[in-house]
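Commentary on secondary and tertiary structure
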Amino acid sequence: FLAWSASFYPQIFLNFTRRTTRGLSVDFCALNVLGYVCYSTYTASFYWNESIQRDYKLRMSGSGDGDGDGVIIQSNDVAFAAHALMASLLTLTQIGCYDSFRTRPPSKRVQAFLIFSVVFCLLFITVTGDVP
């Protein structure tokens, strides 16, 4: 937890001291935020949603791997996911503040992927009515 969490701070500190994010990939930061939104949603849902835990236990109880009795997501997983999301959002915010997204926007492919991902998730929730 500590090593992965600490890995975000050198970049954040460097951006702050230089007051620029030149050399940092906007695409990487935008996709990183999307990834940590997904990971945070997954870990929080699995950790707090009893229905998901029950389904997991039912599905895994006959698998023979011995994990069917306990929940595999722990509080440190949720804490890391939330922390990583906040650090990634801070880094993306630094790009917007120091260098402006008008001069350095994400690439068209990344923009399209981000839009597709959000629309897909919203459609899935709308059609199934299943919110984790």
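Refer to the structure presented above.
Below or above, wherever it landed, is the structure these notes cover. Computed from a predicted structure; not experimentally measured.

Thoughts on helix α6 (residues 108-128)
- A rise of 1.5 Å per residue sets the reference length of α6, with its 21 residues, at 30 Å; its end C-alpha atoms lie 30 Å apart and thus fit the reference within 8%.
- Positioned one or two residues after α6, Gly129 has a phi angle of 70°, which is positive.

Side note on a nonpolar patch on the surface
- A surface patch of nonpolar side chains, about 410 Å² in accessible area, is lined by Phe116, Phe120, Phe124 and Ile125.
- Along the chain, the position of Phe116 falls in helix α6.
- What makes Phe116 exposed here is its relative accessible area of 53%.

Quick look at the environment of Thr128
- Relative to the assigned elements, Thr128 resides in helix α6.
- The class for Thr128 is partly exposed, based on a relative accessible area of 42%.
- One polar contact links the side chain of Thr128 to the main-chain carbonyl oxygen of Phe124, over a distance of 2.6 Å.

Some details on the packing of aromatic side chains
- For the coordinates displayed, the defined rule picks out six aromatic pairs.
- Between Tyr36 and Phe80, the ring centres sit 6.2 Å apart and the planes meet at 80°, which makes this aromatic pair edge-to-face. Remark: Phe80 occurs in helix α5 (residues 75-99) and Tyr36 occurs in helix α3 (residues 26-48); sequence separation between them is 44 residues.
- Judged by relative accessible area, which is 12%, Phe80 ranks as buried.
- Their ring planes at 25° and their centres at 6.1 Å tell us that Phe116 and Phe120 sit as a pair that is stacked. In this pair, Phe116 and Phe120 both sit in helix α6, four residues apart, roughly one turn of the helix.
- By the ring-pair criterion, three or more aromatic residues cluster together here, those being Phe8, Tyr36 and Phe80.
- In this structure, Arg19 packs its charged tip against the face of Phe16, placed 4.3 Å from the ring centre.

Overview of the nonpolar core
- The biggest cluster of nonpolar side chains holds 13 residues, and the ones touching the most others in it are Phe8, Cys29, Tyr36, Phe80, Ala84, Leu92 and Ile95.
- When contributions to this core are tallied by element, the ones reaching two or more residues are α3 and α5.
- By residue number, the principal contributor to this core is α5, which donates six residues.

What counts as what
- Residues numbered from 1 in each chain as written.
- Predicted model: local features only at pLDDT ≥ 70, side-chain atom pairs only at ≥ 80, totals over all residues.
- Heavy atoms only, no water.
- Helix = DSSP H or I, 4+ residues; strand = E, 2+ residues; numbered from the N terminus.
- Expected span 1.5 Å × (residues − 1).
- Patch = residues over 30% accessible without salt bridge, like charges linked within 9 Å, V, L, I, M, F, W, Y side chains within 5 Å.
- Areas by Shrake-Rupley, 256 points an atom, 1.4 Å probe, with all protein chains shown as cover.
- Salt bridge = Lys/Arg side-chain N within 4 Å of Asp/Glu carboxyl O.
- Buried < 20%, exposed > 50% of the residue type's maximum accessible area, 1.4 Å probe, protein only.
- Polar contact = N/O pair within 3.5 Å; in protein donor to acceptor, adjacent residues only side chain to side chain.
- Phe/Tyr/Trp six-rings, centres within 6.5 Å; stacked < 30°, edge-to-face > 60°.
- Lys NZ or Arg CZ within 6 Å of the ring centre and 35° of its normal.
- Core = buried A, V, L, I, M, F, W, Y, C linked by side-chain atoms within 4.5 Å.

Limitation: the analysis is restricted to geometry and does not speak to function.
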